[in-house]
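Each chain, letter by letter, is given below.
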Amino acid sequence: MADAPATEPRLTGSVPLYKNVEPLNRQKHKNYGVKTVANPFSFLKDWHFVPAISPEFSFACGSYPIIFLGERKMPVLVMGLRQGSNVFVTGEGQFDNEHYIPAYVRRYPFVSATNPNDQASTVCVDLDAEFVVSENPERPFFNEDGEPSDYTKQAIDFVSAFENDARTTEAFVERLIALDLLEQKDVKVANPQDPQNPVTVAEYWGVSNEKFAALPAAKLKEMMDNGDLTAVMSHLISLQRWDRILRRTSQLGQAQAQAKA
């Protein structure tokens with residue numbers, strides 16, 4: 001890991017979870033590191049989805065719906081129905097450990113930023129993360145010689161692997177688009193006030209079952225060889241997890257109503 005170059009690296013677009021990101025620097029952050037906190041996942045409680053990488057689909061599909069959003073149709077893991085409510089994180093900032101912890105969450109508070117002129121990416125850290133401290137850390141970012149600590153080296157390796165997987169994911173989505181496999185889908189719930197007109201609670205892009213089933217055997221073999229088939233099947237399986245999101249959202253709403261009563 002090199003310190004930030006003279007021309008500052010940049011994070012492009014909106015980066016969910018991150019607030020005050022700085023390039024990790026051995027002089028500026030020599031006394032920084034992380035500590036144990038009572039509510040380690042409080043940074044996640046207001047986020048109802050997080051970006052996903054295709055290599056983790058098979059792990060995540062048992063816990064969350066995996067859907068595609070936005071113009072670029074990039075995949076996310078659904079963790080709630082509305083902004084400000086993650087139904088897998090308690091009010092005390094604890095994560096439901098029965099479920100898979102997304103790679104994007106495990107990467108936090110680190111992230112990579114692109115540099116101009118095709119220079120290597122720079123590893124950055126969110127200084128506003130509650131468990132990042134500027135003195136007396138339990139796990140420092142740098143050792144006494146100013147070199148990255150073992151903790152930081154592991155974080156750098158993870159960020160680098162995530163960046164590679166993110167590129168793999170972008171290529172995977174491009175192939176889905178080229179095959180015209182994605183279609184608009186929604187999730188509806190019953191409307192007690194108007195039983196004939198259910199309420200749409202989510203809209204997203206997903207793989208069309210009909211178009212997927214119509215792919216020729218040669219294309220399916222190609223997708224099996226490059227890993228796309230596993231990712232697509234995991235995505236389709238994950239859509240069964242919408243029931244879990246709806247159930248947990250309802251239970252959370254009931255609990256909040258009872259607390260106010």
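Note that the coordinates shown come from a computational prediction; the quantities given were computed from them, not determined experimentally.

Scoring rules and cut-offs
Residues numbered from 1 in each chain as written. Predicted model: local features only at pLDDT ≥ 70, side-chain atom pairs only at ≥ 80, totals over all residues. Heavy atoms only, no water. Core = buried A, V, L, I, M, F, W, Y, C linked by side-chain atoms within 4.5 Å. Buried < 20%, exposed > 50% of the residue type's maximum accessible area, 1.4 Å probe, protein only. Helix = DSSP H or I, 4+ residues; strand = E, 2+ residues; numbered from the N terminus. Contact = heavy atoms within 4.5 Å. Pairing = 2+ DSSP bridges. pLDDT = per-residue confidence, 0-100. Phe/Tyr/Trp six-rings, centres within 6.5 Å; stacked < 30°, edge-to-face > 60°. Axes fitted to C-alpha atoms, helices over the stretch in contact; angles between N-to-C directions. Parallel < 35°, antiparallel > 145°, perpendicular 65-115°, else oblique. Nonpolar A, V, L, I, M, F, W, Y, C, P; charged D, E, K, R; others polar.

K.L.:
Could you give an account of the nonpolar core, naming the residues involved and the relevant values?
P.N.:
In this structure, L44 and W242 are the most contacted members of the largest nonpolar core, which totals 66 residues. At seven residues, the largest contribution of residues to this core is made by helix 3 (residues 150–178). Residues within four places of W242 in sequence aside, it is in contact with P65, I67, V78, L81, V187, A202 and Y204.

K.L.:
Mind laying out the sheet that holds strand 8 (residues 132–133), listing which residues take part and the relevant values?
P.N.:
Across the sheet, which stays open at both edges, the three strands sit in the order 8-2-9 with antiparallel pairing between neighbours. The open sheet is flanked by strand 8 and strand 9 (139–140), the only strands paired with a single partner. Note: strand 2 (residues 33–34) against strand 8, two bridges, orientation antiparallel. Its bridge partner being in strand 8, V34 is matched across the sheet by V132.

K.L.:
Describe the confidence of the model for the protein chain, listing the residues and the values that go with them.
P.N.:
Close inspection of predicted coordinates is inappropriate for parts of the model with low pLDDT. Chain-level pLDDT for the protein chain is 90 on average; 92% of the residues reach the 70-or-more range. Taken as a whole, residues 4–13 scores under 50 in pLDDT and shows 27 contacts with residues more than four places along the chain or in a different chain.

K.L.:
Which residues make up the environment of V34, and what values go with them?
P.N.:
Along the chain, V34 turns up in strand 2. Accessibility expressed as a relative area gives 2% for V34, which makes it buried. Along the sequence, V34 and E138 sit 104 residues apart, while their C-alpha atoms lie 6.0 Å from each other. In this structure V34 touches F131, V132, V133, P137, E138, R139, F141 and Y151, once residues within four positions along its chain are discounted.

K.L.:
Can you tell me about the environment of C61, naming the residues and giving the values?
P.N.:
By secondary structure assignment, the location of C61 is in the loop between helix 1 (57–60) and strand 4 (66–69). On the accessibility criterion, C61 (11% relative accessible area) is buried. When neighbours within four sequence positions are excluded, C61 is seen to be in contact with I66, S234, I237, S238 and R241.

K.L.:
Could you give an account of the packing of aromatic side chains, naming the residues involved and the relevant values?
P.N.:
Tallying each qualifying case throughout the model produces 15 aromatic pairs. Judged by centre distance (6.1 Å) and plane angle (70°), the ring pair of F43 and F131 falls under edge-to-face. Of this pair, F43 sits in the loop between strand 2 and strand 3 (49–51) while F131 sits in the loop between strand 7 (122–126) and strand 8, and the two are 88 residues apart along the sequence. Looking at F43, the relative accessible area reads 16%, which means it is buried. When its relative accessible area of 13% is taken as the criterion, F131 is described as buried. Ring plane angle 15° and centroid distance 6.2 Å describe the contact between F59 and Y100, whose orientation is recorded as stacked. In this pair, F59 is assigned in helix 1 and Y100 in the loop between strand 5 (74–78) and helix 2 (103–107), connecting sequence segments 41 residues apart. On the basis of relative accessibility, which here comes to 56%, the residue F59 falls in the exposed class. Given the relative accessible area of 18%, Y100 is considered buried.

K.L.:
Account for the environment of L181, naming residues and giving values.
P.N.:
Relative to the assigned elements, L181 resides in the loop between helix 3 and strand 10 (182–189). For L181, a relative accessible area of 0% translates into the label buried. On a C-alpha basis, the gap between L181 and N209 in space is 8.4 Å, while along the polypeptide they are 28 residues apart. Discounting chain neighbours no more than four positions away, the residues touching L181 are L176, G206, V207, S208, K211, F212, L215 and M223.

K.L.:
Now, about the sheet that holds strand 7: what can you tell me, with residues and values included?
P.N.:
Read from one edge of the open sheet, three strands run 1-7-6, paired in antiparallel fashion. Taken across any chain shown, the strands that pair with only one partner, and hence form the sheet edges, are strand 1 (21–23) and strand 6 (110–113). Adjacent strand axes in the sheet meet at a mean angle of 40°, parallel and antiparallel pairs treated alike.

K.L.:
Let's hear about unusual backbone geometry: which residues, and what values?
P.N.:
For the peptide bond that leads from Y108 to P109, omega is 15°, which places it in the cis range. Phi is positive for L17, close to 85°, though the residue is something other than glycine. Inspection of the secondary structure puts L17 in the segment before strand 1.

K.L.:
I'd like a rundown of the packing of helix 3 against helix 6 (residues 228–238), residues and numbers included.
P.N.:
Interhelical geometry of helix 3 versus helix 6 gives an angle of 80° and a closest axis separation of 11 Å. With respect to helix 6, the element helix 3 is oriented roughly perpendicular. Seen from helix 3, the contacting residues are F172, R175 and L176; seen from helix 6, they are D228, A231 and V232. In terms of residue class, the contact of helix 3 with helix 6 is made up of four nonpolar, no polar and two charged.

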